[in-house]
Amino acid sequence: MRKRRLSVILLLFAIMLVSYGCTEAFQYSIGCADIKTNEDYTFFIVSDPHYISKDSYDNGKAFKDFLNLGDGKMLNHTDELFDSLIGDVASEKPDFLLITGDLTCNGAKQDHIELTERLKLIKDMGTCVFVVPGNHDVQNPYSREFIGDETTDVETITSAEFMSLYAPFGYEGAISKDPSSLSYLAMPAEDTWLLMLDSTDADNNVSKNYPEQSGNLRSDTLKWIEQCAELAKKNNARLIAVMHHSMMDHSELIKVNYTIKNSKEALKIFHKHGIEMVFTGHIHIQDIKSDEFQGNKLYDIGTGSLAVYPHQYGRMQFTPNTGFDYRTVKLNIDNTINYNPDEGNFLGFEEYSASFFIEQCGRMHHECLEQLEGLSDAKMEIVLDTVGKMNMLYFAGYRNEALNDIMNTDGFKMLENIAPCFTKEYAMAMLNDERTDHNTLFIPVSSFEKQ
């Protein structure tokens, strides 16, 4: 077992400070999880909760219009969804929790404040929380509330306010903070450190009056990552990265504005320093991709949005001398929320959410199919339902074999025979994935860790 004494760590920090000349950037704090070397641990990974306060909306026209223009996010139930997550944390008591950005729906200050109150409940239970911002969270010109028929601009937050609000959830205990972004280095375990990376590009949001969707890791941030990697190596610690945008393409068609712009450069640095996994979100699809270079394999584990069907999060179990076991967990909320779409017709939440997701998918693709000649309204509805069901499985992390039943339906045959269009291209791309199940993954300990 590796031995590590506080004096040795502090000495190494001092060497690091002198070597890189970034005294203000580096500070030392014992990790809140306080997991010792070669101890097992468990952590949860949550992506894109898109939390919105119930004070930010009512059931009026403005909010319904906003909800129906979305991509299937259950924004009218984000507080219940997050409370269900808190229940799972209370039950299992993971050592720490990672949130990969898009903490809020549109960056409203009130939404951030309420979310931090819920995160405090988790921390008070003994589970450390580490967050990074997403493209919705900081300096968002679309920060709004929806009351009655009116959509009204409300106060958003700056980068400095983000760091202040979320200080208890990573920043105040950081080993290092990147001077050029909201990235920081955290130490939940002596031999496992977290590169919590800010991949957002919000600097020009206000001047453009638009929240920038794309992302990148800034050149100064990449240099800082290398400094962190050297420090981790000196302390015999592995690095796990966390960021909002994808490191690798998770879809053949949906990659612009989702994969970081400088992914090739970042991949080289990650491979150089033996980083084996990065947890991402943003795309809302449960999907695992990998990249291999000179025998080193890096996994980009994209965990689906908590706000989108099937409302799941990742659970990672580390066992010393064995490896990392990742699997998704669905929130158990079917008996928590009932929905009454029609008088006397009550649905459990899971059924309601699945129906809403398919319906929203239909809205998004309706215009595309409407342009096709020779496709009757009746056939179009069947095709839309088929694409919606495929999309639901795809977002949930199931591919290929899981789609066989749908591929044998009349709706899929109709889809195959329609004229070329984005909807057809998108649906067929779901069948070109090399993995069948993106909900499980085992990563054995690396040769570096066995030394």
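Please refer to the structure placed before this passage.
Residues numbered from 1 in each chain as written. Predicted model: local features only at pLDDT ≥ 70, side-chain atom pairs only at ≥ 80, totals over all residues. Heavy atoms only, no water.

A look at unusual backbone geometry
Both trends apply: most residues other than glycine have a negative phi, and most peptide bonds are in trans. Look at the link from Tyr309 to Pro310: it is a cis peptide, with omega at 10°. Inspection of the secondary structure assignment puts Pro310 in the loop between strand E12 (296-302) and strand E13 (312-319). Not every positive phi belongs to a glycine, and Asp48 is a case in point at roughly 50°. Mapped onto the fold, Asp48 is located in the loop between strand E1 (41-46) and helix H2 (61-68). Owing to a relative accessible area of 0%, Asp48 belongs among the buried residues under this scheme. With a phi close to 50°, His50 is a non-glycine residue in the positive phi region. By relative accessible area, which is 1% here, His50 ends up buried. (Helix = DSSP H or I, 4+ residues; strand = E, 2+ residues; numbered from the N terminus. Buried < 20%, exposed > 50% of the residue type's maximum accessible area, 1.4 Å probe, protein only.)

Details of the packing of aromatic side chains
Going through the model one piece at a time under the given rule, you end up with 23 aromatic pairs. Measuring from centroid to centroid gives 4.8 Å for Phe44 and Tyr313, while their planes differ by 40°, and the two rings are tilted. You can see Phe44 sitting in strand E1 and its partner Tyr313 sitting in strand E13, a full 269 residues away along the chain. Classification of Tyr313 by relative accessible area gives buried; the value is 2%. Among the aromatic side chains, those forming a connected cluster through ring pairs are Tyr41, Phe43, Phe96, Phe130, Phe279, Phe318, Phe324 and Tyr326. The residue whose ring lies beneath Arg238 is Phe318, and the NZ or CZ to ring-centre distance is 4.3 Å. (Phe/Tyr/Trp six-rings, centres within 6.5 Å; stacked < 30°, edge-to-face > 60°. Lys NZ or Arg CZ within 6 Å of the ring centre and 35° of its normal.)

Brief notes about the pattern of salt bridges
Considering all chains together, one arrives at 25 salt bridges under this definition. As a salt-bridge pair, Lys54 and Glu80 come within 3.8 Å of each other at their nearest N and O atoms. Residue Lys54 is located in the loop between E1 and H2, and its partner Glu80 is located in helix H3 (residues 78-92); the two are separated by 26 residues in the primary sequence. You can call Lys54 partly exposed: its relative accessible area is 36%. (Salt bridge = Lys/Arg side-chain N within 4 Å of Asp/Glu carboxyl O.)

Details of helix H10 (residues 377-395)
Taking 1.5 Å of rise per residue, 19 residues should cover 27 Å, and H10 covers 26 Å from first to last C-alpha, within 8% of that figure. Among the residues of H10, those classed as buried are Met380, Val383, Leu384, Thr386, Val387, Gly388, Met390, Asn391, Met392, Tyr394 and Phe395. Packing partners of the buried residues in H10 comprise helix H9 (349-370), helix H11 (404-407), helix H12 (410-417) and helix H13 (422-429). In the segment just after H10, Gly397 is the residue with positive phi, at about 100°. (Expected span 1.5 Å × (residues − 1). Contact = heavy atoms within 4.5 Å.)

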